[in-house]
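The chain contents come next:
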Amino acid sequence: MPRMVYCVKLKQELPGLDKAPFPGELGQRIYDNVSQQAWQMWPNRSMQIIADRGLNMADPQARKAMRQEMEKFFFGESEQAKPAQAGQAGPHLVFCAKLQRELPGLDKPPFPGPLGQRIYESISKQAWDMWPAQSTLIINHYGLNMADPESRKILREQMEDFFFGKDARMPEGWAPEEVGAGAGGGGASRKGGGGGAARKK
């Protein structure tokens with residue numbers, strides 16, 4: 001029978017990791033408080049952070065920054081959510097440009113700058129959660145190196161196209177259950193996503 005933990009990320013009791021993912025206090029804290037399911041969310045998130053911030057993981061400072069982001073990803077959100085819940089009647093709602101309906105938005109811009117602000121104001125959390133799978137497809141398709149400024153620029157352009165381009169809207173009758181369905185999350189790349197990887201500047 002698997003070892004069960006109360007997962008601080010997903011707020012429910014779930015199977016935990018078989019062992020600490022790495023040595024040290026943070027690794028032990030993840031082992032004690034984070035489920036396997038939540039831990040599997042980290043690779044996509046870490047790829048986003050590397051792309052957005054242009055981190056070079058050969059640099060000790062970049063590894064330190066990534067460790068801080070990991071801790072914030074698993075343990076920081078609950079603390080950040082408390083004041084928001086106290087001061088707001090409900091979630092931040094947006095009319096999602098991708099899904100063409102009103103849905104809960106992100107808690108804050110996903111990164112600094114005009115595009116991050118535009119995503120915060122016009123993209124739902126549900127649509128934002130489609131991006132990691134699409135970004136992986138783009139990175140693999142072009143063999144992008146996220147330490148290269150030109151690669152980061154290409155990925156940023158593809159992100160903007162994915163959310164706001166002329167083919168960005170999901171088709172009529174699209175249902176959220178399709179996201180991640182089938183091998184490799186095909187639902188995210190078939191329409192409004194796959195088009196983004198079809199061109200390179």
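Participant: How would you explain the confidence of the model for the protein if you had to name every residue and give the values?
Facilitator: Of the residues in the protein, 77% reach a pLDDT of 70 or more, and the chain-wide mean stands at 79. When the criterion is pLDDT under 50, residues 77–88 qualifies, and its contacts beyond four places in sequence or with other chains add up to five contacts. Considering only residues more than four positions removed or in separate chains, one finds that residues 177–201, a stretch of pLDDT under 50, has 44 contacts.

Participant: Tell me about the pairing of strand β1 (residues 4–7), and name the residues and values.
Facilitator: On β1, burial follows the alternation: V5 and C7 on one face are buried, whereas M4 and Y6 on the facing-out side are not. When β1 meets strand β2 (residues 12–15), the two strands line up antiparallel, connected through four bridges. The residue of β2 that forms the bridge with M4 is P15. Taking the residues between adjacent antiparallel strands as the criterion, β1 and β2 are bridged by four residues, where K11 takes a positive phi near 55 degrees.

Participant: Run through the nonpolar core, naming residues and quoting values.
Facilitator: Counting 43 residues, the largest nonpolar core has I30, F74, I119, W128 and F163 as the members making the most contacts within it. Of all the secondary-structure elements, those providing two or more residues to this core are α1 (25–33), α3 (42–53), α4 (60–87), α5 (114–122), α6 (125–128), α7 (131–142) and α8 (149–164). In this structure, I30 is in contact with L17, P21, F22, W39, M70, F74 and F75, ignoring residues within four places of it in sequence.

Reading guide: rules and limits
- Residues numbered from 1 in each chain as written.
- Predicted model: local features only at pLDDT ≥ 70, side-chain atom pairs only at ≥ 80, totals over all residues.
- Heavy atoms only, no water.
- pLDDT = per-residue confidence, 0-100.
- Contact = heavy atoms within 4.5 Å.
- Buried < 20%, exposed > 50% of the residue type's maximum accessible area, 1.4 Å probe, protein only.
- Helix = DSSP H or I, 4+ residues; strand = E, 2+ residues; numbered from the N terminus.
- Pairing = 2+ DSSP bridges.
- Core = buried A, V, L, I, M, F, W, Y, C linked by side-chain atoms within 4.5 Å.

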